[in-house]
Amino acid sequence: MTWLIWRQHRTEVCVLGLLVGMFGIALLVLGTQAHDLFPGGPARCAGEPGGNEACTASFRRLDEEYGFVENLLAAFYLVPVVIGAFLGAPLLARELEDGTWQLAWTQAVPRMRWLTAKLVALAGVTVALTGTFTAVLTWFRQPFDAWEGRFQYDAFDLEGLVPVAYALFAFGVATAAGAVLRRSLPAFGVAFGAFLAARMSVALLARPAYATPLTTTEPVPVGGSKDQAGHRPVSSSGDWVIEHGYADATGRRLSSTEYYELEGAADRAGTNLNQFLHARGVQQFGVYQFTERLADTFRDVTDRVFLIVHAAADPRRYVQFAGEPDRLDAEAPAKDVVADADEFQLRRFEWVEPDVAQPNWTSSLRRPASTDEFAQLARRCVAALREAYGIVSPDELRYRAWCEPAGAEATAVQLPGLGLG
């Protein structure tokens, strides 16, 4: 069977293997140059609280020299789909199309064994090729992830298990379509169309509702060039931005037509667009996920800095953080403080249980930490607030932060990046 499968599908496997290999070599060359911009490694820069001049300069060069590559790679989320569909479409369709099923299915090997062997072999090739593609691409994107985070669509779709899932989805749909349509090319098209339909539905309808987003507004800044207002979202670069735009002084969101009318009015008046909008009370708004804000803030919880994020209505429902030179410690209260705390959820999200020496649930992170590690801790803390303590929205949260230097009085620390009161 192995020899037969290879003979039947060697062309697809070799073509895809060659393309993935060429792609990998190109990214290894470019990625090595991009990584060399960070002498201490991109993860070290991501862990610097507030960043420093060297990291800022490295990120600026990364954007200038390799930003175009990142933009091109955004379209490569379709590569796993092509791999899966290219291998799945002819699996059954070719036998039916060429009539060879009459010979293949009348041999000593039972049909189910024949089908199982082909499915396992080609699914394995799909996973291997996509895994190689993903591993190289994830390594290449490490500097960009340290800068932007992995929750943006152009990172989320290209890293981790997501591309493999895309490939197997396309492989399964293409195989099934080939059995029904009995033609390889139409089966490939059906798999491609099914993926786009499913992916767009998840991206536009499901994904924004996975967690309660946070909305912030702020006035359009007075500064800026004459012909462009600040189009950056209110949130920081590590956030997954669901929506951003402009609102009038009452908070009503402006349509694109209304915004362009204001832009035209500023042009006719020969006025700086930012100043024109600012004078009319126009605000920028951003809708984003709180988890990413919290992960970003961890970089500012440095040695002797303490942070408590708690429910405004009941401060006993909280997560708190203590920064040390080589670690970041998080704590969440047990049932002796919050009687209705769902401790099953705390166990589920891998908090360490209380003991005699430590009455709270705990979780710790070694420094320097990567963006992924900060994000993992943030997800654990948000899960505690939402699932264990029943806080359904970031709007219900407040924070307190302070610094206690050895031998000195405590001073308040402002963390506006959290977007909380």
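Structure: above.
Please read all numbers here as calculations on a predicted model, not as lab measurements.

Caption draft 1: The arrangement of the overall build of the protein in detail. In terms of regular secondary structure, the protein is built from 15 helices and nine strands. Expressed as a percentage of contacts within the protein between residues at least 6 apart in sequence, the contacts between residues at least 24 apart total 72%. Carbon together with sulfur atoms contributes 59% to the accessible area of the protein, which is approximately 21,000 Å² in total.

Caption draft 2: Summary view of the nonpolar core. The biggest cluster of nonpolar side chains holds 42 residues, and the ones touching the most others in it are L27, L62, L73 and L137. Taken together, the elements giving at least two residues each to this core come down to α1 (2–35), α3 (53–73), α4 (79–98), α6 (111–140), α7 (142–148), α9 (162–181) and α10 (184–206). Of all the elements, α6 adds the most residues to this core, at eight residues. V309, W361, F374 and C381 belong to the second largest nonpolar core, which has 39 residues in total.

Caption draft 3: Highlighting the packing of aromatic side chains. Under the defined criterion, the tally for this structure stands at eleven aromatic pairs. Judged by centre distance (5.1 Å) and plane angle (25°), the ring pair of F23 and F76 falls under stacked. Highlighted residues: F23 in helix α1 and F76 in the loop between α3 and α4, separated in sequence by 53 residues. Ring geometry for Y259 versus Y260: centroids 5.6 Å apart, planes at 65°, classification edge-to-face. Exposure remark for Y260: the relative accessible area of 53% places this residue in the exposed category. Three or more aromatic residues joined by ring pairs form one cluster here, namely F23, F76 and F133.

Caption draft 4: Quick peek at the packing of α6 against α9. Two elements in contact, α6 and α9, have axes whose closest approach is 9 Å; the angle formed by their N-to-C orientations is 150°. Judged on the interaxial angle alone, α9 and α6 are roughly antiparallel. Helix-helix and strand crossings are classified by hand; for α6 and α9 the assignment is right-handed. Contacts between α6 and α9 involve L119, L122, A123, T126, V127, T130, G131 and T134 from the first element and P163, V164, A167, L168, F171 and T175 from the second.

Caption draft 5: Region of interest: the pairing of strand β4 (residues 305–311). Summarising burial for β4: seven of the seven residues are buried, a large majority. Two strands pair when backbone bridges link them, and β4 and strand β8 (residues 397–403) are joined in this way by seven bridges, in the antiparallel orientation. By the bridge assignment, L307 is partnered in β8 with A401. With five bridges joining them, β4 and strand β5 (residues 318–324) adopt antiparallel strand pairing.

Caption draft 6: Structural context of unusual backbone geometry. The omega torsion of the bond from R367 to P368 falls at 0°, within 30 degrees of zero and hence cis. Residue position: P368 is located in the loop between β7 (361–366) and α15 (371–388). The phi dihedral of R182 falls on the positive side, at around 60°, and the residue is not glycine. Secondary-structure assignment places R182 in the loop between α9 and α10. The phi torsion at E350 lies on the positive side, around 65°, for a residue other than glycine. By the element assignment, E350 lies in the loop between α14 (343–348) and β7.

Caption draft 7: Seen up close, the pattern of salt bridges. Under the definition given, this model contains 14 salt bridges. Close ionic contact of E95 with K118 constitutes a salt bridge, the shortest N to O distance being 3.5 Å. Separated by 23 residues along the polypeptide, E95 in helix α4 and K118 in helix α6 bring together distant segments of the chain. The exposure class of E95 is buried, given its relative accessible area of 2%. A salt bridge links R252 to E258; the shortest N-O distance between them is 3.1 Å. Under the relative-accessibility criterion, R252 is labelled partly exposed at 42%. For E258, a relative accessible area of 25% translates into the label partly exposed.

Analysis parameters
- Residues numbered from 1 in each chain as written.
- Predicted model: local features only at pLDDT ≥ 70, side-chain atom pairs only at ≥ 80, totals over all residues.
- Heavy atoms only, no water.
- Helix = DSSP H or I, 4+ residues; strand = E, 2+ residues; numbered from the N terminus.
- Contact = heavy atoms within 4.5 Å.
- Areas by Shrake-Rupley, 256 points an atom, 1.4 Å probe, with all protein chains shown as cover.
- Core = buried A, V, L, I, M, F, W, Y, C linked by side-chain atoms within 4.5 Å.
- Buried < 20%, exposed > 50% of the residue type's maximum accessible area, 1.4 Å probe, protein only.
- Phe/Tyr/Trp six-rings, centres within 6.5 Å; stacked < 30°, edge-to-face > 60°.
- Axes fitted to C-alpha atoms, helices over the stretch in contact; angles between N-to-C directions.
- Parallel < 35°, antiparallel > 145°, perpendicular 65-115°, else oblique.
- Left-handed = near helix turned anticlockwise from the far one by under 90°.
- Pairing = 2+ DSSP bridges.
- Salt bridge = Lys/Arg side-chain N within 4 Å of Asp/Glu carboxyl O.

Purely spatial values, then, with no claim about function.
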